[in-house]
Each structure stands twice: as C-alpha cells, then as structure tokens.
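Structure assessment
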Amino acid sequence: MLIDEFNDLQAEDAAAALRPCLDVDRWVQAIVAARPFADRESLIAFASTAATPFTEAELERALSHHPRIGERPSGDSAEADMSRREQAGLAASDRVAADIADGNRAYEAKFDRVFLIRAAGRSAEEILAELTGRLGNTAEAESRIIDQQLREIAVLRLEGVVSA
C-alpha cells in the first residue's frame, strides 16, 4: 500500500498491517499513534527506533513467531509468508545446514530461545559464522542483539508492506 493509504487507515487496520512485521504491541501502537508520516522514509526511520528498547517479555513474544533459522515456517499467516521469503535465498550445503541445526540446538540450550538473525541478504555461511560467534555472548548481550535483529527484520518487512 502507499504511504498515504497507510496514513488514512483506521487505527485497528493500521495495527493489523504492522503486526506481521513485528508482533510487539508497544511498537505497533507507537507507529499507529505517530501517523501521519510525511513519506515512507519517515515511517521507516520512526519504526527502526520505536519502543526502544524492547522488554524481555516483548522479545519473547516476538521470537515466538520466528522459525529456527534454516527451517521453513509452517502455516499460512502473513508472518509465516514473510519468513519464507526472507529465508528463500538460503542455499546451504548439507554440512553447513547440519552445522546450523547443531548451532540452533546449542543456542537454545544456552539462551532458552530461538536464534534470531536477519537472514535477508546473508549467505548460509555468514549466518553460521554469526551463530557460532554469538554462542560466546552473555544473555544480556544477546538481548541487545536480538532487539536490533528484530528491528532490522521489522523494517525490511515494513518496506514490503508500505511503498512510497
């Protein structure tokens, strides 16, 4: 939809358009309340910092909608469709795919949450390197990284929803 169309939506319809980008109520409501935006760039800039920082509860809720990296999301929701498109370019060798799966398990054992990374624009090898490196982080450092990764994913998704 065009930015003018987004600006003109009823609040509940604007929220429904935003929620598949990032299911964090405070983020969604901040963007809805800040309308109208002069242009798409203003919307994207606002969305990239809205509701900063996310709380642990908000991170957990948002992460509950994200599949493991390397796994195809199931379902027919808008969010699942976006995840499928984001991971579509991940072509991994059997070895890299197995290493990512092992890394996912190690990450979940350490942090008790799914490993999250913006997959769009990254190769499977780059994702594996990030996963391996992030296993050495503290829980606090990971929360800050996840916050940023969620924002990057949300902005990419929002760019697909709202055009100039």
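Look above for the structure.
Here we summarise the structure given alongside this text. Everything numeric in this text was worked out from a predicted model, so none of it was measured.

Turning next to the overall build of the chain. What the chain contains, in helices and strands, is 9 helices and 0 strands. Listing every helix and strand of the chain by position from the N terminus yields α-α-α-α-α-α-α-α-α. Put simply, the chain has 164 residues, and 45% of those count as buried. In the chain, the share of contacts with a sequence separation of at least 24, taken over all contacts with a separation of at least 6, comes to 69%.

Cis rather than trans, the peptide bond between R35 and P36 has omega equal to 5 degrees. One can find P36 in the loop between α3 (25–34) and α4 (40–49). A cis geometry characterises the amide bond from T52 onward to P53, with omega recorded as -15 degrees. As for its placement among the helices and strands, P53 is situated in the loop between α4 and α5 (56–63). Even without a glycine there, the phi angle at A51 is positive, about 60 degrees. Residue classification places A51 among the buried positions, given a relative accessible area of 12%. One non-glycine residue, D112, adopts positive backbone phi at about 60 degrees. Tracing the chain through its elements places D112 in the loop between α7 (94–111) and α8 (124–134).

What counts and how
Residues numbered from 1 in each chain as written. Predicted model: local features only at pLDDT ≥ 70, side-chain atom pairs only at ≥ 80, totals over all residues. Heavy atoms only, no water. Helix = DSSP H or I, 4+ residues; strand = E, 2+ residues; numbered from the N terminus. Buried < 20%, exposed > 50% of the residue type's maximum accessible area, 1.4 Å probe, protein only. Contact = heavy atoms within 4.5 Å.

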